[in-house]
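Here is how the chains run, residue by residue.
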Amino acid sequence: MRWLFLCHALGFLVKALAHTVELNNMFGQIQSPGYPDSYPSDSEVTWNITVPEGFRIKLYFMHFNLESSYLCEYDYVKVETEDQVLATFCGRETTDTEQTPGQEAVLSPGSFMSVTFRSDFSNEERFTGFDAHYMAVDVDECTEQEDEELSCDHYCHNYIGGYYCSCRFGYILHTDNRTCRVECSDNLFTQRTGVITSPDFPNPYPKSSECFYTIELEEGFMISLQFEDIFDIEDHPEVPCPYDYIKIKAGSNVFGPFCGEKAPEPINTQSHSIQIMFRSDNSGENRGWRLAYTAAGNECPELRPPLHGKIEPLQTNYTFKDQVLISCDTGYKVLKDGVEMDTFQIECLKDGTWSNKIPICKMADCGIPAELEHGLVIFSSRKNLTTYKSEIRYSCQQPYYKMLHNITGIYTCSAQGVWVNERLGRSLPTCLPVCGLPKISRKMIARIFNGHPVQKGTMPWIAMLAHQNEQPFCGGSLVGSRWIVTAAHCLHQSLDPEEPILHDSYLLSPSDFKIILGKHWRLRSDENEQHLKVKHIFLHPSYDPSTFENDVALVELLDRPRLNNFVMPICLPEGPTQEGAMVIVSGWGKQFLQSFPETLMEIEIPIVGHHICQESYVPLMKKVTWDMICAGEKEGGKDACAGDSGGPMVTLNNKTGEWYLVGTVSWGVDCGKKDRYGVYSDIYHNKDWIQRVTKMSN
């Protein structure tokens, strides 16, 4: 009975000593029961150590003294996790058996560790047990991650108690917070050829990604696909493409899915618009794919260049959207629908036809040459050709006009279809009136007394200023093609030199008078006369009616006169006229007996020095200014008179044979008196103003 009682008592004691201790601190100490005294028999204690996720538990022993036994079957310390035994220790440190921990530390794989101490029914040698310490140790998931499914795809970053993943540039983190994927859903290709690859090709493509590619071309093209180089998409030996794959949709046709290591055969999609979808799951390290695409349309018929023309580019096959440019050889023009042009472009349409017919090449034609004012054109051939390289020659209406700068009037039809001169380009030449060269020869006469009738046609530049009732009142000279030089005082309503111009109303208006050219008879008309209207009147801006300084005016004709043997302009002087030079003055003014002549009269007189002329008028308190020039005989008898105002005083250049306008009749005292010289406006002195207004040059 006592033994039975003792057994029951011992059983109660075992139950009393078998208990569990929960430890949640980051570090702590574990000791056998009764330590440092001997531990009791038949005891069992379990310490459950739990630390936060992201940490492991490190256990090491400072003292260890347990009963030795085979495979630790008597007393022991067991270290384990929820599903595995990490270590079992027994014995003494001094025996150096395999079961003692020694300096070895036990490291848990996770955040939980269970330590169990157990002793059997005897402890005869009074073993002192153990003294152990534990601590939480941070887990470096980036280097110690054993589960590949939990490892980071690109970059791993460790921190105390955990880790996080990040991705390379161009990638984004998947919702599983470890896989890196790409955003590749908006890829549009519109060129007729191109190459499409999986992301990062030929490096492994990203996981957990869906990529969409669209090739969108104009209707009429058909897209062909060709996989190139490496083709490597994760596959399964039994199930077709369950993980990663590429699929192609063209209209109602679907190609794929494709995966594995064998590239698909070339695909003719028969469509101008296709969509490509590429999908990858969260695993694998495959290199992906490279896809080249081309587009072709319907073929158009072969082209042949036109005669005297060419096509660019010239090739044997043309397909939809191909364009060609038709041009012609030098000297030819593209002719299309009656319109000439330099080039013409056509295009191959989607139905396999050309947008237009090939035009023809027509030799460049410059057309009928433009008419030349006061000139004519002569063709180099009897056929009057106007095509490429044909020549024409412009000439002026001789003998009354000459070509400006004496250029050659030869023009050639250029390859551009325009007449071109080597000096003037496309501009026409200019025909200027021939000046100072009467076509009727003057009969040389001796010095005459008191004037002489002019031989008809020898003074073709003289102009008569007449009222609308045909009554003459002044003379003038034709210069250029439409200008009359006269005296400014002729254009007053009052011809009284003592009456100053007070207002513009004292000037004649263009409608008050007319210009008669080719005039010979004073009052009688003949067939050679030309009556012309006045367009504008220009007085010299420095004209002084009280002193007759700058007594010059210009009259612009409304229409150009017809030049002939009786109407020709006079030349402007090239330099001042020297003292003693002989000049001729002509007009219809009063003669010696104070009567008007029937015909145009002239006198030949010498130029008088300015100082001599000035001295002759000192007694009369008249001033001869430097813009005036004097002529006449000292003894008198030869002079202009009333009615001659504005008329020409001319001289002959014996070297060139041309007559020049020296002056215009301006003023004087009486007519032909001794020591009373005629005073004329000096044309050379006012030449710049005349050329500025008329825009004429020498």
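Residues numbered from 1 in each chain as written. Predicted model: local features only at pLDDT ≥ 70, side-chain atom pairs only at ≥ 80, totals over all residues. Heavy atoms only, no water.

> Just checking my understanding: could you explain the overall build of the protein chain for this structure?
Across its full length, the protein chain holds four helices and 50 strands. Expected size for 698 residues packed as a compact globule is a radius of gyration near 26 Å; at 63 Å, the protein chain overshoots this value by more than 25%. Over its C-alpha atoms, taken along the principal directions, the protein chain stretches across nearly 200 × 70 × 40 Å. By residue count, 45% of the 698 residues in the protein chain fall in the buried class. When contacts within the protein chain are restricted to residue pairs at least 6 apart in sequence, long-range pairs at least 24 apart make up 66% of them. For the protein chain, the accessible surface area stands at approximately 37,100 Å², while carbon and sulfur atoms represent 51% of it. Each charge sign in the protein chain was given a centre, from 60 positive and 92 negative side chains, and these centres are 22 Å apart. (Helix = DSSP H or I, 4+ residues; strand = E, 2+ residues; numbered from the N terminus. Rg over C-alpha atoms; globule rule 2.2 N^0.38 Å. Buried < 20%, exposed > 50% of the residue type's maximum accessible area, 1.4 Å probe, protein only. Contact = heavy atoms within 4.5 Å. Areas by Shrake-Rupley, 256 points an atom, 1.4 Å probe, with all protein chains shown as cover. Lys, Arg positive; Asp, Glu negative; His and termini not counted. Charge placed at Lys NZ, Arg CZ, Asp CG, Glu CD.)

> Whenever I open this one, the state of the cysteines confuses me. Can you help?
In protein chemistry, a disulfide is the covalent bond that joins the sulfur atoms of two cysteines. Applying the stated criterion to the full structure yields 13 disulfides. Paired by a disulfide, C142 and C156 hold their sulfur atoms 1.9 Å apart. Here the disulfide of C142 and C156 is left-handed, its torsion about the S-S bond being about -80 degrees. In this pair, C142 sits in helix α2 (residues 141–144) while C156 sits in strand β10 (residues 155–159), placing the two residues 14 residues apart along the sequence. In this structure C142 comes out as partly exposed when scored by relative accessible area, which is 28%. With a relative accessible area of 29%, C156 lands in the partly exposed category. Each disulfide pairs two cysteine sulfurs, and for C613 the partner residue is C630, the sulfurs being separated by 2.0 Å. Its torsion about the S-S bond being -70 degrees, the disulfide of C613 and C630 is classed as left-handed. (Disulfide = S-S within 2.5 Å.)

> Help me out: how do you make sense of the environment of H540 in this one?
Within the secondary structure, H540 sits in the loop between β43 (534–539) and β44 (553–557). Put simply, H540 and A487 are 53 residues apart on the chain and 9.5 Å apart in space, counted from C-alpha to C-alpha. Setting aside anything within four residues of it in sequence, one finds H540 in contact with N550, V552, N686 and W689. Within the structure, the side chain of H540 is placed 3.0 Å from the backbone nitrogen of S542, a separation counted as a polar contact. (Polar contact = N/O pair within 3.5 Å; in protein donor to acceptor, adjacent residues only side chain to side chain.)

> Explanation requested: the nonpolar core in the structure shown.
Judged by nonpolar contacts, the single largest core of 38 residues is most densely connected at L465, I484, L491, F513, I515, L517 and V555. Elements with a minimum of two residues in this core: β32 (391–396), β33 (401–403), β34 (410–413), β38 (462–467), β39 (472–479), β41 (513–517) and β44. Those residues in contact with L465 that sit more than four places away from it in its chain are Q471, P472, F473, C474, G475, G476, I484, T486, L491, F513, K514 and I515. Grouped together as the second largest cluster of nonpolar side chains are 33 residues, Y245, I248, C259 and W289 included. (Core = buried A, V, L, I, M, F, W, Y, C linked by side-chain atoms within 4.5 Å.)

> Looking at this structure, how should I read the packing of aromatic side chains?
The description of two aromatic rings rests on the distance between their centres and on the angle between their planes. Taken as a whole, this structure holds 21 aromatic pairs when the rule is applied. Relative to F117, the ring of Y39 lies with its centre 5.0 Å away and its plane at 75 degrees, an arrangement referred to as edge-to-face. In this pair, Y39 sits in the loop between β2 (27–31) and β3 (44–50) while F117 sits in strand β8 (residues 112–118), placing the two residues 78 residues apart along the sequence. Y39 gets classed as buried once you look at its relative accessible area, which sits at 2%. For F117, a relative accessible area of 0% translates into the label buried. Seen from their ring centres, F61 and F130 are 5.9 Å apart, and the 70 degrees between their planes marks the pair as edge-to-face. (Phe/Tyr/Trp six-rings, centres within 6.5 Å; stacked < 30°, edge-to-face > 60°.)

> Is there a simple way to think about the sheet that holds strand β22 (residues 288–297) in this case?
Across a sheet, strands are paired by hydrogen bonds formed along the backbone, either parallel or antiparallel in direction. Taking strand neighbours across the sheet as the criterion, the four strands line up as β15-β22-β17-β20 in an open arrangement whose pairing is antiparallel. Strands at the two margins of the open sheet, each flanked by one partner only, are β15 (193–197) and β20 (267–268). The sheet contact formed by strand β17 (residues 221–232) and β20 spans two bridges and is antiparallel. Among the inter-strand pairings, S224 is bridged to a residue of β20, identified as N268. (Pairing = 2+ DSSP bridges.)

> How should I be thinking about the side chain of K514 in this particular structure?
Inspection of the secondary structure puts K514 in strand β41. In terms of polar contacts, K514 uses its side chain to reach the side chain of H531, at 3.1 Å. Not counting chain neighbours up to four residues away, the residues in contact with K514 comprise M464, L465, A466, H467, Q468, E470, H531, L532 and V534.

> Looking at this structure, I do not really get the pattern of salt bridges. What am I missing?
Once the charged atoms of two side chains with opposite charge are near each other, the side chains can pair. Following the criterion strictly, the structure yields 17 salt bridges and no others. K519 serves as the salt-bridge partner of E529, at 2.8 Å between the closest nitrogen and oxygen. Of this pair, E529 sits in the loop between β41 and β42 (530–532) while K519 sits in the loop between β41 and β42, and the two are ten residues apart along the sequence. Pair check on accessibility: E529 and K519 agree, each one buried. Among the ionic contacts, a cluster of salt bridges with common partners joins D153, K207 and E285. (Salt bridge = Lys/Arg side-chain N within 4 Å of Asp/Glu carboxyl O.)

> Which parts of the structure should I look at to understand the pairing of strand β50 (residues 678–682)?
Within a regular strand, the side chains alternate between the two sheet faces. Within β50, five of the five residues are buried, leaving the element largely enclosed by the surrounding structure. Sheet topology note: the strand β47 (residues 628–631)/β50 ladder contains four bridges and is antiparallel. For A631, the partnering residue across the bridge sits in β50 and is G678.

> Please clarify how the sheet that holds β42 should be interpreted in this entry.
Reading across the sheet, the seven strands line up as β42-β41-β38-β39-β40-β44-β43 and stay open at both edges, with antiparallel pairing between neighbours. Edge positions in the open sheet fall to β42 and β43, since each of these has one partner strand only. On average, adjacent strands in this sheet sit at an angle of 30 degrees to one another, irrespective of strand direction. Here helix α4 (residues 687–694) sits on the sheet in contact with β40 (483–486), β43 and β44, set at roughly 25 degrees to β44. (Axes fitted to C-alpha atoms, helices over the stretch in contact; angles between N-to-C directions.)

> I tried to follow the environment of H133 on my own but got confused; where do I start?
Tracing the chain through its elements places H133 in strand β9 (residues 129–138). A relative accessible area of 22% means that H133 is categorised as partly exposed. Considered as a pair, H133 and F221 are 88 residues apart in the sequence and their alpha carbons are 79 Å apart.

> Hey, could you run me through a nonpolar patch on the surface in this one?
Among the surface-exposed residues, M26, F27 and M135 lie close enough to one another that they form a single nonpolar patch of about 300 Å² accessible area. Tracing the chain through its elements places M135 in strand β9. The exposure class of M135 is partly exposed, given its relative accessible area of 33%. (Patch = residues over 30% accessible without salt bridge, like charges linked within 9 Å, V, L, I, M, F, W, Y side chains within 5 Å.)

> Help me out: how do you make sense of unusual backbone geometry in this one?
Most peptide bonds adopt trans geometry, and most residues besides glycine take a negative phi value. Cis geometry is found at the peptide bond from F201 to P202, where omega equals 5 degrees. Here P202 shows up in the loop between β15 and β16 (210–216). The residue M621 is not glycine, and still its phi comes out positive at about 60 degrees. Along the chain, M621 turns up in the loop between α3 (610–616) and β47. M621 sits in the exposed class, given a relative accessible area of 74%.

> I would appreciate a short explanation of the confidence of the model for the protein chain in the present structure.
For any part of a model where pLDDT is low, the fine detail of the predicted coordinates should not be relied upon. Residues with a pLDDT of 70 or more make up 90% of the protein chain, whose mean pLDDT is 87. Across the protein chain, the secondary-structure element scoring lowest on mean pLDDT is helix α1 (residues 2–17), at 41, and the one scoring highest is β40, at 98. A low-confidence stretch, residues 1–16 (pLDDT under 50), is modelled with one contact involving residues beyond four sequence positions or located in other chains. Note on residues 494–505: pLDDT under 50 across the span, and 13 contacts to partners over four residues away in sequence or across chains. (pLDDT = per-residue confidence, 0-100.)

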